[in-house]
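Topology and contacts: notes
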Amino acid sequence: MIGQILGGRYQIIRQLGEGGFGTTYLAKDSHGLNQLCVVKQLHHRYNAGDFDKKIGELFAREARVQSRLDHPQIPRFIAYLQEDGEFYLVQEYIEGHGLEQEIIPGQLWHEDRVIDLLCEILEVLAFVHQNNVIHRDIKPSNLIRRKEDGKICLIDFGAVKEIDNSITGTMIGTPGYMSPEQIHGQSRFSSDIYGVGIIAIQALTGLKPREISREGSTGELTWPDRIQVSDKLAEILDKMVSLDFQSRYQSATEALEAVTALKNIPQRQIPAFSTSAITIEQEQAWTRRRVFLVLLMIIPMISLIAVVTQERRELFSWCQILNNCSQITEMERYHQAEKAVEAARAVFAEAETVGMLETARTKMKIAVEELKTIPPGAEFYQQVQQVLADSQKELEAIEIKLEKEKNAQKLRSEARAIASEATEKFRTATTISQLEQAKASFKEAQLKLKTIAEDSFLTEQTKTLVQEYNGRIQEIDRRIGELMAEIQFRLKAEERLAEITKPYPSCSEAILGDCVSWPRGSGSR
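On a predicted model such as this, the values are computed, not experimentally measured, just so you know.

1. Observations regarding the overall build of the chain
Along the chain, the regular secondary structure elements total 14 helices and 11 strands. Expressed as a percentage of the 525 residues in the chain, the buried residues total 42%. Within the chain, counting contacts between residues at least 6 apart in sequence, those at least 24 apart form 61% of the total. On the chain, roughly 29,000 Å² of surface is accessible, and the fraction owed to carbon and sulfur atoms is 53%.

2. Observations concerning the sheet that holds strand β10 (residues 152–154)
In a beta sheet, neighbouring strands pair by backbone hydrogen bonds and run either parallel or antiparallel. Read from one edge of the open sheet, 3 strands run β7-β9-β10, paired in antiparallel fashion. Sheet topology places β7 (96–98) and β10 at the edges, where each strand pairs with a single neighbour. The average undirected angle you get between the axes of adjacent strands in this sheet is 35°. Examined bridge by bridge, strand β9 (residues 143–146) and β10 share 3 bridges and lie antiparallel to one another. Note that in β10 the partner of Leu143 across the bridge is Leu154.

3. Focus on the pairing of strand β5 (residues 77–83)
Here β5 pairs with strand β6 (residues 86–92) via 6 bridges, running antiparallel. Looking at the pairing, Leu81 lines up with Tyr88 of β6. Linking β5 to β6, which pair antiparallel, is a turn of 2 residues; within it Asp84 sits at a positive phi near 55°.

4. As for the packing of helix α2 (residues 111–130) against helix α4 (residues 189–205)
Contact geometry of α2 with α4 gives a least axis separation of 10 Å together with a crossing angle of 160°. If you check the angle between α2 and α4, you find them roughly antiparallel. Crossing hand, α2 versus α4: right-handed. Contact residues: α2 offers Glu111, Val114, Leu117, Leu118, Ile121, Leu122, Leu125 and His129, while α4 offers Phe189, Asp192, Ile193, Val196, Ile199, Ala200, Ala203 and Leu204. In terms of residue class, the contact of α2 with α4 is made up of 13 nonpolar, 1 polar and 2 charged.

5. Overview of the packing of aromatic side chains
Taken as a whole and judged by the stated rule, the model has 2 aromatic pairs. On the basis of an interplanar angle of 40° and a centroid distance of 5.8 Å, the ring pair of Phe442 and Tyr469 is categorised as tilted. Of this pair, Phe442 sits in helix α12 (residues 432–450) while Tyr469 is found in helix α13 (residues 459–501), placing the two residues 27 residues apart along the sequence. Across the pair, Tyr469 and Phe442 agree in class, each one buried. The lysine or arginine in question, Arg188, covers the ring of Phe245, its NZ or CZ lying 3.8 Å from the ring centre. Here the guanidinium or amino end of Lys401 rests over the ring plane of Phe457, the centre of that ring lying 4.6 Å away.

6. Notes on the packing of helix α11 (residues 381–428) against α13
A packed helix pair is summarised by two numbers, namely the angle formed by the two axes and the spacing between the axes. Two elements in contact, α11 and α13, have axes separated by 12 Å at closest approach and are oriented at 20°. The angle between α11 and α13 places the two elements in the roughly parallel class. Every pair of crossing elements has a handedness; the one defined by α11 and α13 is left-handed. Touching Arg412, Ala415, Arg416, Ala419, Thr423 and Phe426 of α11 are Gln461, Leu465, Tyr469, Arg472, Glu475, Ile476 and Arg479, all from α13. A class-by-class count of the residues in the contact of α11 with α13 yields 6 nonpolar, 2 polar and 5 charged.

7. Points about the sheet that holds β6
Strand order in the open sheet formed by 6 strands is β1-β2-β3-β4-β6-β5, with antiparallel pairing between adjacent strands. Two strands close off the open sheet at either side, each with one partner strand: β1 (5–6) and β5. The pairing of strand β4 (residues 35–42) with β6 spans 5 bridges and is antiparallel. Paired with Lys40 across the strands is Leu89, a residue of β6.

The rules we used
Residue positions are given per chain, counted from 1 along the sequence in the order it is written. Under the rules for a predicted model, residues below a pLDDT of 70 receive no local features and side-chain atom pairs below 80 are neither given nor counted, while totals for whole chains, interfaces and linings still include all residues. By convention in this description, side-chain values take in all heavy atoms of the structure and omit both hydrogens and water. Helix and strand assignments come from DSSP, with helices taken as H or I runs of at least 4 residues and strands as E runs of at least 2, each series counted from the N terminus. The cut-offs for exposure are 20% and 50% of the maximum accessible area for each residue type, with area from a 1.4 Å probe on protein chains only; residues under the lower value are buried, those over the upper are exposed, and the others partly exposed. Contact definition: two residues touch when any of their heavy atoms are within 4.5 Å. For the area figures, the Shrake-Rupley method with a 1.4 Å probe applies, and any residue is considered shielded solely by the protein chains shown. At least two DSSP bridges between two strands are required for those strands to pair. The angle between two axes is taken between their N-to-C directions and runs from 0 to 180 degrees, where each axis is a line fitted to C-alpha atoms and a helix contributes only its stretch in contact. Each angle is binned into one of four classes, with values under 35 degrees roughly parallel, values over 145 roughly antiparallel, values of 65 to 115 roughly perpendicular, and all other values oblique. The sense of a crossing depends on the near helix, which, turned anticlockwise from the far helix by less than a right angle, makes the crossing left-handed and, turned clockwise, makes it right-handed. Three classes are used: nonpolar for Ala, Val, Leu, Ile, Met, Phe, Trp, Tyr, Cys and Pro, charged for Asp, Glu, Lys and Arg, and polar for all others, with Gly counted as polar. Classification of ring pairs rests on two measures: the distance between centres of Phe, Tyr or Trp rings, Trp counted by its six-membered ring, which must be within 6.5 Å, and the angle between planes, read as stacked under 30 degrees, edge-to-face over 60 and tilted in between. When the NZ atom of lysine or the CZ atom of arginine is within 6 Å of a ring's centre and also within 35 degrees of its normal, the charge is said to sit over that ring.

Honestly, it's all geometry; don't read function into it.
The structure is reproduced here in C-alpha cells:
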C-alpha cells in the first residue's frame, strides 16, 4: 500500500494502525496542496458474508455519519472510495496524541483537572448526541489531544449508531469502557456517558478499568473510598457509570450541565484523612457548636424580656446576634452569581465553537437563577436587579449566537452531504448529462455555504469549501470539454466515412476494403 495512489489523488505515506475491521494509513492529498489526511481501508475479508456484510455496513455508516458531523473537534470527512473491490474512507488528519498517553496507570489526577477533562469531552459528545448519533466506543485512544491548540478531538466513528425506531444492533465497543447494555447490542446515548465516566475514574484513581472493584451484591463500581474526592463529583461519576442505563444522565448535554455546575462552586470541600484523634478542624467545629447552643439559650430569654416589658422597639436583630447570617448568605450568593456571570462572559468572548457557546449559556443560566433567589429585602437588591437585567440580556445574546452557529453547522453539513453525492456522481459519470448533474450539485452546495452569516465561526472554513467546490466544478468543465471533443471527433469521422462509402451504397464499413477498387500494381489491397 505504501506509495499507492487512491482515487487519483490520495498517496499513501505510512501505516498508522490496524484494528479488527481495517487498517489506517497516513496519506497526502495531491489535489489539496499535499495536505495530510487519513485513509481507512476495510479489510478484504469483510466484503462478503453475513457478518462481513454487517461490518461493511458499519464502514459505510461511518462515512455517512462523518459527512454530516461538522464540528472543529471531529475529523472532517473528505471522501468515500471503492477501488478494485476495496473500500476506503478518507478523512482529516488530526496531529496530536491519544489520552492514553496522559492517563497513566499509577498516576492520580487532581480533581480540578478531571473536571476540566470531563467538560472538554462532553462538549464534543453533546454535539454528536444532538445529531442523534451514538459513538459506542468512547475510550482514551479515541480522544486525541490536538497539537495545534491542545483541544480534545473525538475520532474513530467506525462503531457509530444513528438513532432510529430500534435500539437493537451489533455488540460494539471496548471491554472496560463498554456499558452493560452494549454487550446485548442495545446502545443508547447513556452508553457513551458510561465510557466517559470510566475515563474520569481511571484518571482519578490511577487504575485500569478492569482493576476498579465492584460491590459484590449490586455490581456497582466502588472507587471513591480509594482517593480524596468531593462528594459532589463522586455523585456525578457514580451516576455516569451506573449499571442501570436509566439511572445515568440520558445525554452528554445533561451530564455537561451537571459537571459545569461544579466549576461555579467557589471552593469544593474535599474530605481529608487524618491519623490524629482530634484535629484542629474538629476542635473548631466543637467550639462553633458550643457557641450555637449558648445562643439558643439566650434567644428565648431575650424574647421573654421583650414581651414582659412590652418594648415597641426591637431589642436586637437575630441576624445581628448571629453575626448577620442571612445578609451574609445573600451576599455570598450574589458574589457567587457575579463570578458565574464573569465566567460566562469570558467563555462567550473567547468562544470559537458551539460547545463553548453552550458552556457560556449554561454558566449564565446558573447565574441568572442564582440572582433571582435574592429577596427584595436585601440591602443591595437594586444592585442585584441591575446585574440580573444585564445578565438576562447577555443570555439572550448568547442564545441568538448559539442558534446562528447551529444553523451555520446545519447548512455546512447539508452542503457537504450534497458535495459528497456530487463527488460520487463525478467519479462514475460517463456522459455529459451525468457530469452536468454533478456540476449542478456542487453549485447547490456552494449556494448553501453562501447563506452562512459572515460573522460565523465557520466563515473561513466555509470560504475554503467554496474554493474546493470551485476546483471540482473546473475539473468537471475540463472533463465535459474532453467528452465534447471526443464526440466532435467521432462525428467528423462518421461524416468522412459516409463520404467514402457514398459511391458504394451496398458496402458496409466492415467490408469497405472489398468494395473499393485499388490501383493495380500498387502492392496494397
